[in-house]
There are 2 protein chains.
Amino acid sequence: MLTLKHLRVIEALNETGSLTRAATRLHLTQSALSHQLVALEAHYGVVLFERSRPLRVTPAGVRLLQLAQEVLPKMEAARRDLARLAEDNQPGRLRIAVECHTCYDWLMPGMDAYRAHWPEVEMDLVGGFHTDPLALLAEDKADLVIVSETARHKGVAFSPLFRYEMLALMATGHALAARAYLSAQDFAQDTLITYPAPDRLLDVVRRVLKPAGVNPERRLAELTIAIVQLVASRKGLAALPAWAVQPFLERGYVVARPIGKKGLWSGLYTAARASDAPRAFHRDFVDTLREQAFMTLPGIEPLAGSPHPR
Amino acid sequence: MLTLKHLRVIEALNETGSLTRAATRLHLTQSALSHQLVALEAHYGVVLFERSRPLRVTPAGVRLLQLAQEVLPKMEAARRDLARLAEDNQPGRLRIAVECHTCYDWLMPGMDAYRAHWPEVEMDLVGGFHTDPLALLAEDKADLVIVSETARHKGVAFSPLFRYEMLALMATGHALAARAYLSAQDFAQDTLITYPAPDRLLDVVRRVLKPAGVNPERRLAELTIAIVQLVASRKGLAALPAWAVQPFLERGYVVARPIGKKGLWSGLYTAARASDAPRAFHRDFVDTLREQAFMTLPGIEPLAGSPHPR
DNA sequence: ACTTCTTACGAGTGCCGTAACCATG
DNA sequence: CATGGTTACGGCACTCGTAAGAAGT
C-alpha cells in the first residue's frame, strides 16, 4: 500500500483540483482515481482531499504531496541515469524544427527543463520556414520536428503532444460576442488577421472557412501580441490557441468564442526518424515537452495515443 | 515500471547476496524475485547484478541501490506521519517486558532505531523476572512482552519476530566436535551450562533433554560471555542462539554443532493486549524490531505469519 | 439541472507460486 | 553433486472500465 502510482494521483489531483481532470491527464477514468483515493484514505484512516469543488487538500494530503515532490523526481532521475548506463553514455544531439509560430511560447520552457536533465545532449533550433518540415528529417538537417498533423510518412515516427482549442478572437462589444459560438459564415463580413503562414497551416482556414467556401478579407501580423492588438482595435477577427490568448482574455482586452458548436480543436505532435525513436534521451525530450505543456498551458487536453505515465 | 517493490528487491539482494535469501526475507519465492529482476533488467537494458555467488552489484545496480536508500526511508517516514495524523497525534506508551536474557542484544539497537522514528512514544523496560510475563499485560504493568511461544491466551495478540537456531557449544577439540550434529544422549556425560532460568524457558532442556529423559549435571552463569568462557575452559556444554555465539565461533574460541539432525529452532514473538494491536506506533515497534533483527543477527529466518512488507 | 464523485459488477492482466530444467562452484 | 537461478505454465488477485446512482454547486 502507498505506491508511486498513488503519489502521481495525489500530485495530479492537487494540480487539477478535480478527479475528472486528473484522470484525463493520467489517462485513466475518474472511476479508477476514485477507487485509488478511497482505498488509500481507508487504509490509513485519513482524508486526503475534502470533496469540494475544487478539491481541497487536507494536512494529510499535503504530507503525501510533499512526499511525492521529494520522491518522484528522484525516481525520474534514476530512470535517466539507467538509460545513460544502458547506452554507455553516448552523447546525443537534438536539432529541432518548429512549424508553428506560437509554439515557441511553450517550447522554450520545455527545452530549459530538458536541459537540466540531459545537459550532455546538444540542442539546436533549425531556423527559417520550410515548405516540408518532414523532409528535414530525411535530409538529416533536423532530428525532431513539431507538426500539427500525422499524415503517414515512411520512416517517420510521430508522438502526440497535446490538443488545444482554437478560439475566435474579437473586440469587446463586437456584435458576434452575443453568440455562444461562431460559425464559418460569421467570418465572412470581417477581416481575418493571421500569421504570415500558408493556409494549410491555418486551422480556421483549412478546416472551417475553406470547406464552407468563405473567403474573408485578410491581414497579416507576425506576433501574437500584434494580432491581439489589431483585434482589440476593431481591425478584424482572429483565431488563436486558447492558451495563447488566455492572459488577454483575463484582462478583458478582447473577447473569445468557440468556433463551431463543439469548438475547433487542433493537435500537436513530434515527428522523428523512426530509427531515432528508441533512444531514451529522445523519448524523454518528448515526454518533457508534454509534461511542461500540461504544467504551463491552460485548457489543453491529452491526445489519444499518449504514452502512459512510466 | 520501476516500482517501490523493485527497490525493496534490489536492497534485499544487495544485503543478502542471493536471490534465495532475499526471497525468504521478503516472503516471496526466489522465482518471483527472478521474474522481477529479469524484467527490470530487460526493461532498461542493463544488468543490475552479476550472477555470481554471492551476487555482485553492477554500476547500474548501485544507482538503483542509491535510489532505494533515498526513497524508501522517505516513504516510511510519510507512512508514520499519516499514522500520527490519523490518530490525532495522541502520544503512546510502550512498557516492554523481556523473558529471555540474550534478547537484550538485539532489543537495544531495535529500540534505538524506533526512538528515532517515534520520539513522542514513551518507552520503558519492565525489569525483573516474572513467572507469567503474559500476566503483566492483563495487569496493565506492561504493554508488550517478548516471548518464545504463542500459546493461546485470551485477549492477547502475538506477532512473530523471527526464528533462530540453538547451537550446542563445546570446547575446541572436544570429542563431540567430530559429530555432524548432537543428539540428546550426547549431553548425558557432560555438564550443561545455562542461564539461571526455569527449565521451561531453556529450549534444549524442554524440547530435547527432558523428552529423552536425559538429565545432565548443571551449572549456571548469568552472562553469555561467561557461559562461553566456561565452555572454552572445558567445564561443560551449552546451548545458545547461533547469532549470540557467532563472534566467538569466528575467532575459534569454541566450536558449535546443531542439536538434532534438523537442528533445534526456536521462535520469538511479541505479545500485546489485543486492544492495543491496531495502534500504528505499536505495530511499527514490532516491525522495527523485526527489521533490525534481520539487519544485525546472522542466520535468523522469518517466521510463518510475518506480515508482508507494506 | 448539470457536473462531479461514488459504487456495483464484470473483464482483463499481471504477478506470483509450483515444478522442472539449467548453471555454477 | 549440491545449491541456487531460470523458465514454463497455470491460478488468483487486483486494478481498471462501464454504467448507474448519489451528491454537491
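Residues numbered from 1 in each chain as written. Chains lettered and ligands numbered in written order. Predicted model: local features only at pLDDT ≥ 70, side-chain atom pairs only at ≥ 80, totals over all residues. Heavy atoms only, no water.

The name recorded for chain A in an unreviewed UniProt entry is HTH-type transcriptional regulator MetR, from Sulfuriferula plumbiphila. Among the UniProt annotations of chain A, the heading Subcellular location (unreviewed entry) holds the following wording: "Cytoplasm". The annotation that UniProt attaches to chain A under Sequence similarities (unreviewed entry) is "Belongs to the LysR transcriptional regulatory family." (UniProt positions renumbered as here; feature names shortened; annotations may be inferred.)

J.: Could you clarify how one ought to interpret the protein's contact with DNA strand D in this entry?
T.: Taken together, 18 residues form the shell around DNA strand D, and within it A:Ser31, A:Arg53, B:Thr20, B:Arg51 and B:Arg53 come nearest. A breakdown of the atoms of DNA strand D within 4 Å of the protein gives sugar and phosphate a share of 67%. At a separation of 3.1 Å, a phosphate oxygen of DNA strand D approaches a polar side-chain atom of A:Gln36. Take B:Thr20: an N or O atom from its side chain is 2.4 Å from a phosphate oxygen of DNA strand D. (Near = heavy atom within 4 Å. Polar contact = N/O pair within 3.5 Å; in protein donor to acceptor, adjacent residues only side chain to side chain.)

J.: Teacher, can you tell me more about the domain arrangement of chain A here?
T.: Interfaces are often sized by the accessible area lost when the parts come together. All names here are of chain A. When the domains of chain A are assigned, the result is domain 1 (4-86) and domain 2 (94-310). Using only C-alpha atoms to locate each centre, domain 1 and domain 2 end up separated by 29 Å. When the buried surface of domain 1 facing domain 2 is broken down by residue, His 27, Arg 80 and Arg 84 rank first, second and third, together holding 47% of it. At the junction of domain 1 with domain 2, the criterion picks out 1 salt bridge. One salt bridge connects Glu 120 with Arg 84, and the closest N-O pair in it is separated by 2.9 Å. Breaking the side of domain 1 that touches domain 2 down by element, the ones donating at least two residues are helix H1 (4-16), helix H2 (19-25) and helix H4 (59-86). Ranked by residue count, the leading element in the side of domain 1 that touches domain 2 is H4, at 5 residues. Its residues assigned to classes, the side of domain 1 that touches domain 2 comprises 2 nonpolar, 2 polar and 7 charged. (Domains from an automatic or database assignment. Buried area = accessible area lost by both parts, 1.4 Å probe. Salt bridge = Lys/Arg side-chain N within 4 Å of Asp/Glu carboxyl O. Helix = DSSP H or I, 4+ residues; strand = E, 2+ residues; numbered from the N terminus. Nonpolar A, V, L, I, M, F, W, Y, C, P; charged D, E, K, R; others polar.)

J.: Sorry if this is basic, but what is going on with the interface of chain B and chain A here?
T.: Contacts between chain B and chain A engage 25 residues on the former and 25 residues on the latter. Carbon and sulfur atoms supply 75% of the area that chain B and chain A bury against each other, a total of about 2,200 Å² over both sides. At the junction of chain B and chain A, the tally comes to 2 salt bridges. One salt bridge in this structure joins A:Arg63 and B:Asp81, with 2.7 Å as the shortest N-O distance. Along the contact surface separating chain B from chain A lie 4 residue pairs in polar contact (both at pLDDT 80 or more). If you list the elements that add at least two residues to the side of chain B that touches chain A, you get helix H1 (4-16) and helix H4 (59-86) of chain B. At 16 residues, H4(B) tops the list of elements feeding residues into the side of chain B that touches chain A. For the side of chain B that touches chain A, the per-class residue count stands at 17 nonpolar, 2 polar and 6 charged. (Contact = heavy atoms within 4.5 Å.)

J.: I tried to follow the protein's contact with DNA strand C on my own but got confused; where do I start?
T.: The environment of DNA strand C is formed by 17 residues, the closest being A:Thr20, A:Arg51, A:Arg53, B:Ser31 and B:Arg53. Counting only the atoms of DNA strand C within 4 Å of the protein, the fraction contributed by sugar and phosphate is 71%. In the model, a base oxygen of DNA strand C is placed 2.4 Å from a nitrogen or oxygen of the B:Arg53 side chain. Breaking the surface near DNA strand C down by element, the ones donating at least two residues are H2 and helix H3 (30-44) of chain A together with helix H3 (30-44) of chain B.

J.: Would you mind going over the UniProt feature "domain: HTH lysR-type" (unreviewed entry) in chain A with me for this structure?
T.: Mapped onto the present numbering, the UniProt feature "domain: HTH lysR-type" (unreviewed entry) falls at residues 2-58 of chain A. In the segment residues 2-58 of chain A, helix accounts for 61% and strand for 7%; the C-alpha atoms at its two ends are 17 Å apart.

J.: Could you clarify how one ought to interpret the pairing of strand S6 (residues 156-171) of chain B in this entry?
T.: Residue and element names in this part refer to chain B. Among the 16 residues that make up S6, 12 are buried, leaving the element largely enclosed by the rest of the structure. Here 10 bridges tie S6 to strand S11 (residues 264-273), and the two strands are oriented antiparallel to one another. The residue of S11 that forms the bridge with Val 156 is Arg 273. Of the strand pairs in this sheet, S6 and strand S9 (residues 237-241) are connected by 4 bridges, and their pairing is antiparallel. Counterpart to Leu 169 in the pairing with S9 is Ala 238. Where S6 and strand S10 (residues 254-258) come together, 5 bridges link them in antiparallel fashion. Directly across from Leu 167, in S10, lies its bridge partner Pro 258. (Buried < 20%, exposed > 50% of the residue type's maximum accessible area, 1.4 Å probe, protein only. Pairing = 2+ DSSP bridges.)

J.: Explanation requested: the relation of the copies chain B and chain A in the structure shown.
T.: One chain copy maps onto the other through a rotation about an axis and a shift parallel to that axis. With an RMSD of 0.1 Å, chain B superimposes on chain A once it is rotated by 180° and translated 0.0 Å along the axis. Such a turn and shift between the copies fits a two-fold axis. Every residue of chain B has its C-alpha some distance from the rotation axis, and the shortest such distance is that of B:Val71, at 3.0 Å. Of all interface residues in chain B, 100% are interface residues in chain A too; the two copies therefore contact each other through one and the same surface. (Least-squares fit on C-alpha atoms with pLDDT ≥ 70 in both.)

J.: What is the right way to look at the environment of B:Ala23 in this model?
T.: Residues and elements named next belong to chain B. By the element assignment, Ala 23 lies in helix H2 (residues 19-26). Between the alpha carbons of Ala 23 and Ala 184 there is a distance of 34 Å; along the sequence they are 161 residues apart. Sequence-distant contacts of Ala 23, defined by excluding residues within four places in its chain, comprise Leu 28, Thr 29, Gln 30 and Leu 33.

J.: Just checking my understanding: could you explain the environment of B:Asp203 for this structure?
T.: Residues and elements named next belong to chain B. Tracing the chain through its elements places Asp 203 in helix H7 (residues 203-212). Taking relative accessible area as the criterion, Asp 203 reaches 7% and is therefore assigned buried. Considering only alpha carbons, one finds Asp 203 and Leu 264, 61 residues apart in sequence, at a separation of 8.3 Å. In contact with Asp 203, other than residues within four places in its own chain, are Tyr 164, Val 208, Leu 264 and Ser 266. At a separation of 2.8 Å, a polar atom in the side chain of Asp 203 contacts the side chain of Ser 266.

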